[in-house]
Amino acid sequence: MSLPNDRIIYLDYAATTPVDPRVAEKMSACLTQDGCFANPASSHRPGREARARVEHARAQLAALIGAEPRELIFTSGATESNNLAIAGAAHFHQHRGRHLITSRSEHKAVVDVFKRLEEEGFEVTWLAPDAQGHISRDQLVQALREDTILVSLMWVNNEIGVEQEIEAMAAETRRRGILFHVDAAQAVGKRPINLSQVPVDLLSLSGHKFYGPKGVGALYLRRRPRARVSPLMLGGGQERGLRSGTLATHQLVGLGEAAHLAAAELDEEMGRLKVWREQLLSHLLTLPGAALNSTSAQGVPGIVNLRFEGIHGEALVAALDPYVAVSSGSACTSAVVEPSYVLRALGLSEAQAEASLRISFGRFSNWDELSAAADRIEQVVRRLHSLSPRGQSDSGPTALSG
Ligand SMILES: Cc1ncc(COP(=O)(O)O)c(C=O)c1O
């Protein structure tokens, strides 16, 4: 029997966040006839008004990440931004070299672009993270070559929440004149980012990871030194010819407002999540077979990834389903059913990866909910353990991936 939706405790913020009601309000003023609905490329007054809102949103987003507004290209989300940054940079700069670097723990929206580039004849070095999920600066430096044209690493991992030392690594690529792209879909709005201080050249972000709408994001392209990419989308020449297509005023206004709120509330919000993370872990880690996947202290507080050895994560998620929405992996790629390649890359066995659960929380979570969810998880874990005394569950493979 399923409970009404408002009774389900939502703990899958890494997959997507609810839109902040303050964001929704701004968006709804840009949709209907009495609102700011016109095409921002039109030269008439309604068009100019829409354009002004779009540019305001661009400035709000730029302020959140320490960029200049003209360094941002709006896209449909981080998947598109990653594609544009990686394929666009590889194609634009291929005359200088055909060697690229990324890691084994990137999101599918990065991994699959590099695989495609390998098929096209580019050579890709796949860096392996350590057991905590970190790539070291030395590892990167050792992989750099004369013909390297692009490095792409994520700032915060979507499954385990671990942060890479982007500042240190970007300094190395800048010194050598190699482009550095960062997938920051899970970092923006969750940790401070100041691109006027960090020599990253290209950065992808997505609105629905920080209380903005789905289907909108941006790619940051540094102006000095200028990061250049070939466009993927051709047409009306919007966004300086790098991303054709009518600008979605309501989506962009929502993205801008979400950025504005994140900038104002980030510190307080993260402080709160940190305390809850500790409380949650002090409960869950007492359960049978429980262990944290990555014990790194460097990470965003709202993502907790742990395993309950002897239990199948997917069975756990299914048993929790009427009460608590969590993920045995990332919903971004849940169509693919396989043990998480990210957890496998940390050195976890297939069974350990399959025994894992990602709990992610954020702005609209509260401790009462988290504590009730932990009680539910305890109940279910103990029950599943009692059903499989030898510590093996009998369900099929799980969907722990990107
Ligand atoms: C790290 C990371 N990169 C890229 C994406 C894709 O973003 P989008 O859903 O905006 O295409 C996601 C999540 O979906 C993500 O977590």
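Rules used in this analysis
- Residues numbered from 1 in each chain as written.
- Predicted model: local features only at pLDDT ≥ 70, side-chain atom pairs only at ≥ 80, totals over all residues.
- Heavy atoms only, no water.
- Helix = DSSP H or I, 4+ residues; strand = E, 2+ residues; numbered from the N terminus.
- Rg over C-alpha atoms; globule rule 2.2 N^0.38 Å.
- Buried < 20%, exposed > 50% of the residue type's maximum accessible area, 1.4 Å probe, protein only.
- Contact = heavy atoms within 4.5 Å.
- Areas by Shrake-Rupley, 256 points an atom, 1.4 Å probe, with all protein chains shown as cover.
- Lys, Arg positive; Asp, Glu negative; His and termini not counted.
- Charge placed at Lys NZ, Arg CZ, Asp CG, Glu CD.
- Salt bridge = Lys/Arg side-chain N within 4 Å of Asp/Glu carboxyl O.
- Pairing = 2+ DSSP bridges.
- Axes fitted to C-alpha atoms, helices over the stretch in contact; angles between N-to-C directions.
- Core = buried A, V, L, I, M, F, W, Y, C linked by side-chain atoms within 4.5 Å.
- Domains from an automatic or database assignment.

**Q** I keep staring at the overall build of the protein and nothing clicks. Help me out?
**A** Counting its regular elements, the protein contains 11 helices and 12 strands. Its C-alpha atoms give the protein a radius of gyration of 22 Å, within 12% of the compact-globule value 21 Å for 402 residues. With the principal axes as the frame, the protein shows a C-alpha extent of 70 × 55 × 35 Å. Going through the 402 residues of the protein one by one, you find that 56% of them count as buried. Look at the contacts in the protein between residues 6 or more apart in sequence, and 76% of them connect residues 24 or more apart. Surface summary for the protein: the accessible area is close to 16,700 Å², and the carbon and sulfur share equals 50%. For the protein, the separation between the mean place of its 42 positive charges and that of its 45 negative charges on side chains is 6 Å.

**Q** Teacher, can you tell me more about the pattern of salt bridges here?
**A** When their charged atoms lie close together, side chains carrying opposite charge are able to pair. Under the definition given, this model contains 21 salt bridges. In this structure, Arg358 and Asp12 form a salt bridge, with 3.1 Å as the shortest nitrogen-oxygen distance. You can see Arg358 sitting in strand E12 (residues 356-360) and its partner Asp12 sitting in the loop between strand E1 (9-10) and helix H1 (21-28), a full 346 residues away along the chain. Overall, the relative accessible area of 9% leaves Asp12 in the buried class. Ionic pairing is found between Arg191 and Glu163, a salt bridge with its closest N-O pair at 3.1 Å. With Arg191 in the loop between strand E6 (179-183) and strand E7 (202-206) and Glu163 in the loop between strand E5 (148-154) and helix H6 (166-176), the pair connects residues that are 28 residues apart, well separated along the chain. Taken together, the shared-partner salt bridges connect Asp20, Arg22, Glu265, Glu269 and Arg363 into one network.

**Q** Just checking my understanding: could you explain the sheet that holds strand E9 (residues 290-292) for this structure?
**A** Each strand in a sheet pairs with another by means of backbone hydrogen bonds, the pair being arranged parallel or else antiparallel. Read across the open sheet, the 3 strands follow the order E9-E10-E12; overall the sheet is antiparallel. Strands at the two margins of the open sheet, each flanked by one partner only, are E9 and E12. The mean inter-strand angle of the sheet, taken between neighbouring strand axes irrespective of direction, is 30°. Packing against the sheet, helix H7 (residues 249-284) makes contact with E9, strand E10 (303-308) and E12, and its axis sits at approximately 5° to E10.

**Q** What exactly am I supposed to notice about the pairing of E7 here?
**A** Every other side chain in a regular strand lies on the same face of the sheet, so the side chains alternate between the two faces. Within E7, 5 of the 5 residues are buried, which leaves it mostly tucked inside the rest of the structure. Burial along E7 is two-sided: Leu202, Ser204 and Ser206 and Leu203 and Leu205, pointing in opposite directions, are all buried. Direction of pairing for E6 relative to E7: parallel, over a ladder of 3 bridges. Bridge assignment links His181 to a residue of E7, and that residue is Leu202.

**Q** Is there a simple way to think about the nonpolar core in this case?
**A** Looking at soluble globular proteins, one finds that nonpolar side chains tend to be buried together. Grouped together as the largest cluster of nonpolar side chains are 51 residues, with contacts concentrated most on Ile65, Leu203 and Phe210. Counting residues per element, this core draws most heavily on H7, at 6 residues. A domain split of this core shows at least three residues from each of domain 1 (9-18 + 265-387) and domain 2 (21-262). Core analysis: the second largest hydrophobic core is formed by 31 residues, Leu266, Met270, Phe308 and Leu357 among them.

**Q** Would you mind showing me how to read unusual backbone geometry here?
**A** Glycine aside, the phi torsion of most residues is negative, and most peptide linkages are trans. The step from Arg224 to Pro225 runs through a cis peptide bond, and the omega angle for that step is -10°. Secondary-structure assignment places Pro225 in the loop between strand E8 (217-221) and H7. You will see that Tyr211, though not glycine, has its phi angle at about 75°, which is positive. Residue position: Tyr211 is located in the loop between E7 and E8. For Glu239, which is not glycine, the phi torsion reads 50° and is therefore positive.

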